[in-house]
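# An overview of the molecular structure
As a plain string of letters, each chain reads:
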Amino acid sequence: MSKLSVICGKASEDLGRKLARKIKANLVKSEVRVFPDGESKITLKGNISKSKSIVVQSIYPPVDTNLIQALSLISKAKENSSKVVVVIPYMGYARQDREFLPGEIVTMKVLAKLFKGAGASKVIVVDIHSLIGLKSFTIRTENVSAVPDLARFFKKMSLKNPLVVSPDQGGKERAKAFAKEMGIEFIALQKKRDRKTGKVQIKTKQVDVIGRDLILVDDMISTGGSIVNATKFLKKEKCKRVFVACTHALLMNDAEKKIKKSGVTKIISANTIPGNTSIVDVSNTIAKAIV
Ligand code: R5P
């Protein structure tokens, strides 16, 4: 038996399989039954290594169900392996990393305690919303980025005078890294979000994007509000096509439809969250952080 096991949660079956193949680990699949009351019953299929297990489970919606499944897998892994590395391709709750308004609970702190308590030795995440979230952990953590993988995908596309655009100032460094990988320029818009209603507005007055193909780069798309507002603004500024590159495509409710309607040609995301836009594989990037 291999010295490594990849214990694959239901939320990350494809990515877990790819990762196991890359690091030559024994794949342990999970069979999950969710009861009508919402409880998950998990049965593992395969032998778990005595030395090191890698648990792979994304925490996208249903977030709490996928979280409890991740914790259950970690706990079972720890019963068998001396070391448990946890890969959370999409870390849910990462936006609740500080007290924005008085009384708000910093849920990332709660998760940090739960992961440690369940038996994790190290946690690896992909493009976590903000690195502040990782400061809550007392075990080793590592954030890897899907940005180079996404940029390499776009580099192969035939685009007209492309320009990378961040929909907000918070994503400036991400856009810069993406643009650098492609060998092109970038700009960052000014976005304002109402903390209570979540409504998004673009505050930038003018940009010079006439006739250019644009790549809007973001870490995640949830409601699509940020991308829709940015696209409407950029279209008014007479750009050519708008493409979207993001790591985590949550695409809640009718977000994909709203984004397409606003004028976006194509959305490309990483396979941290499975879906029809998730065509960029990040298993290689994750594998580098494990071995
Ligand atoms: C915000 O800071 C993030 O980088 C994303 O732009 C945001 O979370 C996307 O959310 P939505 O799709 O709901 O606008």
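Residues numbered from 1 in each chain as written. Predicted model: local features only at pLDDT ≥ 70, side-chain atom pairs only at ≥ 80, totals over all residues. Heavy atoms only, no water.

## Considering a nonpolar patch on the surface
A cluster of nonpolar side chains, contributed by Ile105, Val110 and Leu114, occupies part of the molecular surface with about 260 Å² of accessible area. Classification of Leu114 by relative accessible area gives partly exposed; the value is 38%. (Patch = residues over 30% accessible without salt bridge, like charges linked within 9 Å, V, L, I, M, F, W, Y side chains within 5 Å. Areas by Shrake-Rupley, 256 points an atom, 1.4 Å probe, with all protein chains shown as cover. Salt bridge = Lys/Arg side-chain N within 4 Å of Asp/Glu carboxyl O. Buried < 20%, exposed > 50% of the residue type's maximum accessible area, 1.4 Å probe, protein only.)

## Some remarks on the pattern of salt bridges
Inspection of every chain in the model, using the stated rule, returns 14 salt bridges. One salt bridge in this structure joins Lys260 and Glu256, with 3.7 Å as the shortest N-O distance. Of this pair, Lys260 and Glu256 both sit in helix 7 (residues 255-261), 4 residues apart, which is roughly one turn of that helix. Because the salt bridges share partners, they merge into one network encompassing Asp14, Arg17 and Lys18. (Helix = DSSP H or I, 4+ residues; strand = E, 2+ residues; numbered from the N terminus.)

## A look at the domain arrangement of the chain
Assigned domains of the chain: these are domain 1 (4-145 + 281-290) and domain 2 (147-271). Using only C-alpha atoms to locate each centre, domain 1 and domain 2 end up separated by 28 Å. Across the contact, 16 residues belong to domain 1 and 13 residues belong to domain 2. Summing both sides of the interface, domain 1 and domain 2 together bury roughly 1,300 Å²; the carbon and sulfur share of this comes to 56%. Interface area lost by domain 1 to domain 2 is led by Tyr90, Asp127 and Ser145, which between them contribute 33%. In this assembly, domain 1 and domain 2 are joined by 0 salt bridges. Summed over the shared surface of domain 1 and domain 2, the number is 8 residue pairs in polar contact (both at pLDDT 80 or more). At 3 residues, helix 1 (residues 13-22) tops the list of elements feeding residues into the side of domain 1 that touches domain 2. Classifying every residue of the side of domain 1 that touches domain 2 by side-chain character gives 8 nonpolar, 3 polar and 5 charged. (Domains from an automatic or database assignment. Contact = heavy atoms within 4.5 Å. Buried area = accessible area lost by both parts, 1.4 Å probe. Polar contact = N/O pair within 3.5 Å; in protein donor to acceptor, adjacent residues only side chain to side chain. Nonpolar A, V, L, I, M, F, W, Y, C, P; charged D, E, K, R; others polar.)

## Notes on the site of the ligand
In the neighbourhood of the ligand, 14 residues make up the surrounding shell, with Asp218, Asp219, Thr223, Gly224 and Ser226 lying closest. Take Asp219: an N or O atom from its side chain is 2.6 Å from an oxygen atom of the ligand. Contacts to the ligand include Ser226, whose side-chain N or O atom sits 2.6 Å from an oxygen atom. Surface burial for the ligand is 88%, taken as the share of its 380 Å² of free accessible area covered by protein chains. It is strand 12 (residues 214-221) that provides the largest number of residues to the shell around the ligand, a total of 4 residues. (Near = heavy atom within 4 Å.)

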